[in-house]
Amino acid sequence: MSAIKKIYQHVEPNLTLISSMGVIGFPLYYYVWNFLYPQPYENLGLRLFCSILFLPLVFRKYLHSLFIRYLPLYYLVTVGISLPFFFGYMLIMNNWSTIWIMSLLASIFLHILVVYETKIMLSQATISFVFAYIAAYYMNDYQGIATIEWSYAPIILFVYIYGSIFYVKGKNVHEAKISIAKSFGAGIAHEMRNPLSAIKSSVELIQSLLHTKHPTDSVPHYNIEQHDYQMVNELLNNMHNTVDSANETINLLLTSIDQNRIPTSTFKMYSASDIAQHAIHSFSYKNPLDRLAVNITTENDFRFLGSDILLKYAFYNLLKNAFYYQNNESFHIEICIKTQGKWNQIALKDNGAGIDKQHLQDIFKDFYTHGKHGGYGLGLPFCRRIMEAFGGKIECASVLGQWTEFTLLFPTESSVEMRKLQEELVNAKSLLYIGNVCDLRLRLKKQSQQMGFHLETVTLAEAVKRKEYEFEFDVIMVDLNQIDRQWDLLTVLESQLHFSEAQINYIYDANSHYPIHIERHLSVYPLEKNDLLNQSSPTLYQLFFELTEKIEADRNVIPFKQERTEKCILIVDDNHSVRNLTAILLEKQGYHVLQASNGQEALGTIEAHEVDLILMDIEMPVLDGIETTSTIRSSQKPYRHIPILGHTGDTNTPTLKRIRNSGMNDYIIKPADTDNLLDKLANWI
């Protein structure tokens with residue numbers, strides 16, 4: 001399946017064109033071969049069937065997310081039917097005519113282009129040709145059909161094998177060059193970020209020292225004048241902004257290496273006004289006075305789903321072009337953020353040189369430049385791809401010599417376009433649920449099937465065995481209701497989650513209390529269980545696409561349980577005297593002691609209280625120790641892991657065997673001396 005997805009991703013940028021040719025071409029060539037140059041056999045029904053198969057691929061962006069998940073497989077089936085099967089079938093039915101041999105060879109070249117994985121392509125061709133022969137045999141009423149021209153087989157095989165070899169080799173060379181460029185860019189970025197990080201840390205340290213006052217400290221202080229202090233502080237702020245700008249430039253560099261692919265995995269909800277203001281402030285103006293030429297007006301701020309870095313890139317490109325084509329001293333740029341009709345808009349209008357009407361339709365084409373030196377004609381096409389990735393578009397209007405206006409159009413949050421974009425992007429999201437089987441885990445599994453995101457579920461014990469790099473998910477959910485008293489493992493897990501960039505959610509129940517201390521350096525976002533159960537889809541969309549700082553992160557909403565300083569031991573014995581004497585002994589050692597006279601009472605006690613250990617008599621009325629232990633161990637409740645020590649005066653081998661088989665952890669022989677009893681308890685608490 002991974003190979004099929006790779007094939008689909010390779011062809012996807014050109015899939016609309018290929019599919020449209022399929023929709024039009026099959027019925028069109030029926031007219032050619034049936035009327036213009038009649039052939040012995042034609043089949044309009046089969047051609048229309050192949051044409052219809054391509055329609056979902058043409059309109060794939062409008063399909064439901066459930067169907068989108070299976071598009072790679074559907075694409076492969078469609079190609080198999082419309083190329084090797086169709087042309088093989090028509091070749092046989094036309095008695096291996098020259099026209100259809102040439103048509104088959106042409107289809108083979110197309111097959112190589114659209115399914116470049118040799119093994120899959122040859123397997124698909126073989127299966128399709130076999131079915132083509134069977135279909136031709138059936139259409140001839142199971143009578144003998146024309147003899148297979150085996151002399152053509154070596155030619156067909158040659159075209160398939162050598163055609164695919166040369167195509168794949170050329171593709172590999174191209175991908176290797178792209179990979180080298182990406183690696184080179186990533187290497188430069190890495191080398192640049194190391195010193196930038198060091199500078200940033202130094203700046204923050206100096207700022208913290210400047211802002212720290214110790215009025216009561218005996219260590220001598222060196223005061224500086226207020227003017228000097230302000231100047232140093234301003235310089236540090238400028239350095240801070242410069243480092244941030246350099247890091248942003250690196251991000252843009254890495255994005256620009258492969259401009260045909262817009263990275264959508266990091267898309268979040270952003271404020272258009274915030275991004276626009278930041279872009280104007282951080283743009284590299286050639287002249288400081290140029291900043292005064294840019295004015296921004298916000299009529300209606302709005303949020304968009306996309307990348308802040310990519311939108312800033314679009315701003316930088318439009319501002320750079322506007323300043324390049326300024327032609328008067330009163331040049332200015334007006335930016336307006338508003339909502340008009342069904343679109344949110346950012347309009348950038350300047351009073352510069354303008355664009356001739358005959359060139360206006362070409363400005364978004366790759367490598368198109370006009371009257372500009374040193375440009376490659378890639379900026380505006382990349383801006384168009386950015387806006388299309390955001391579910392919107394970019395338009396341009398201009399009057400030569402007077403003004404130019406670029407309008408960035410974004411879908412509104414309630415629009416169908418926004419919902420389609422979310423459904424498309426959520427297919428690339430991943431969620432890790434840490435907890436046992438429960439209603440919430442089942443609900444998440446159902447939601448993953450409906451929405452299309454990748455879901456992994458593990459228990460807490462399985463999670464702590466993972467390596468740090470195995471927590472690379474968009475969202476990680478830790479269900480506090482499924483910890484099963486293994487709070488020490490939660491501490492281990494928190495130390496591993498420090499290395500993950502995932503949003504970490506702790507799922508809690510408002511009616512429960514949890515004896516936990518969340519590691520203070522770990523960013524945790526609490527999420528109430530019932531909110532997730534009752535509003536699954538909206539909550540998951542929020543977790544996937546909202547910025548983390550916009551999500552409630554107050555960990556104090558989790559109802560924490562007051563930590564007990566003493567351990568709790570439950571004594572279960574039908575002998576009142578033994579219970580009381582043992583309780584007095586243990587309470588003197590600092591233990592909190594609960595008592596029960598039989599197994600039934602014991603089950604009720606552990607339901608209502610948090611117990612650390614059970615000292616269990618074997619022979620009791622109502623429910624004996626063996627049956628009670630078996631009931632505890634077989635339950636799905638958190639207390640099933642409580643250590644249980646058998647308390648018995650019977651040292652016979654069968655009794656000790658029953659103790660072990662019931663699930664008890666250990667046993668103590670009555671009457672036990674104090675040291676032996678306390679040592680046994682200390683081993684298990």
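In this text the structure is predicted, and so the values were computed from the model without any measurement.

Each value, and the rule that gives it
- Residues numbered from 1 in each chain as written.
- Predicted model: local features only at pLDDT ≥ 70, side-chain atom pairs only at ≥ 80, totals over all residues.
- Heavy atoms only, no water.
- Helix = DSSP H or I, 4+ residues; strand = E, 2+ residues; numbered from the N terminus.
- Buried < 20%, exposed > 50% of the residue type's maximum accessible area, 1.4 Å probe, protein only.
- Contact = heavy atoms within 4.5 Å.
- Areas by Shrake-Rupley, 256 points an atom, 1.4 Å probe, with all protein chains shown as cover.
- Phe/Tyr/Trp six-rings, centres within 6.5 Å; stacked < 30°, edge-to-face > 60°.
- Lys NZ or Arg CZ within 6 Å of the ring centre and 35° of its normal.
- UniProt positions renumbered as here; feature names shortened; annotations may be inferred.
- Expected span 1.5 Å × (residues − 1).
- Arc of directions from axis to C-beta.
- Polar contact = N/O pair within 3.5 Å; in protein donor to acceptor, adjacent residues only side chain to side chain.
- Salt bridge = Lys/Arg side-chain N within 4 Å of Asp/Glu carboxyl O.

*Asks:* Explanation requested: the overall build of the protein in the structure shown.
*Replies:* Looking only at helices and strands, the protein features 24 helices and 17 strands. Out of the 685 residues in the protein, the part that is buried amounts to 45%. Contacts spanning at least 24 positions in sequence make up 71% of the contacts within the protein whose residues lie at least 6 apart. Per element, the accessible surface of the protein, about 37,000 Å² overall, is 56% carbon and sulfur.

*Asks:* Could you clarify how one ought to interpret the packing of aromatic side chains in this entry?
*Replies:* Under the criterion given, the structure shown has 30 aromatic pairs. Taking 6.1 Å as the distance between ring centres and 70 degrees as the angle between the ring planes, the aromatic pair formed by Tyr8 and Tyr75 counts as edge-to-face. One end of the pair, Tyr8, is in helix α1 (residues 2-11); the other, Tyr75, is in helix α5 (residues 71-93), with 67 residues separating them in the sequence. Pairing Tyr30 with Phe35 gives two aromatic rings, centres 6.3 Å apart and planes at 85 degrees, and the pair type is edge-to-face. For Phe35, a relative accessible area of 53% translates into the label exposed. Through a chain of ring-to-ring contacts, three or more aromatic side chains come together here, namely Phe26, Tyr29, Trp33, Phe54, Phe86, Phe87 and Trp100. Over the face of the ring belonging to Tyr541 we find Arg419, whose NZ or CZ atom lies 4.7 Å from the ring centre. Sitting over the face of the ring of Tyr667, Lys680 holds its NZ or CZ atom 5.9 Å from the ring centroid.

*Asks:* Please clarify how the UniProt feature "modified residue: 4-aspartylphosphate" (unreviewed entry) in the protein should be interpreted in this entry.
*Replies:* Under the UniProt annotation, "modified residue: 4-aspartylphosphate" (unreviewed entry) lies at Asp617. Looking at where Asp617 falls in the secondary structure, it is placed in strand β15 (residues 613-617). Among the residues examined, Asp617 registers a relative accessible area of 6% and is labelled buried. Setting aside chain neighbours within four positions, we find Asp617 in contact with Val572, Asp573, Asp574, Gly625, His647 and Lys670.

*Asks:* Help me out: how do you make sense of helix α3 (residues 44-58) in this one?
*Replies:* A turn of α-helix holds 3.6 residues, and therefore any two residues three or four places apart point the same way. Given a rise of 1.5 Å per residue, 15 residues ought to cover 21 Å, and the 21 Å separating the end C-alpha atoms of α3 matches this to within 8%. If you check which residues of α3 are buried, you get Leu46, Arg47, Cys50, Ser51, Leu53, Phe54, Leu57 and Val58. With its buried residues spanning 150 degrees around the axis, α3 presents them on a single face. Each element contacted by the buried residues of α3 is listed here: α2 (15-36), α5 and α6 (98-114). Taking the backbone nitrogen of Gly45 as reference, a side-chain oxygen 3.2 Å away marks Asn43 as the first, capping residue of α3.

*Asks:* Would you take a moment to explain the pattern of salt bridges for this structure?
*Replies:* Opposite charge on two side chains makes pairing possible when the charged atoms of those side chains draw close. Throughout the structure, instances matching the rule amount to twelve salt bridges. Glu546 is the salt-bridge partner of Arg303, the closest N and O atoms lying 2.8 Å from each other. One end of the pair, Arg303, is in strand β3 (residues 303-306); the other, Glu546, is in the loop between α19 (536-545) and β13 (568-572), and 243 residues separate them in sequence. On the basis of relative accessibility, which here comes to 12%, the residue Glu546 falls in the buried class. Here Lys680 and Asp666 are joined by a salt bridge, their closest N and O atoms 3.1 Å apart. With Lys680 in helix α24 (residues 674-684) and Asp666 in strand β17 (residues 666-669), the pair connects residues that are 14 residues apart, well separated along the chain. With a relative accessible area of 19%, Asp666 lands in the buried category. Residues joined in a network through salt bridges with shared partners are Arg303, Glu413 and Glu546.

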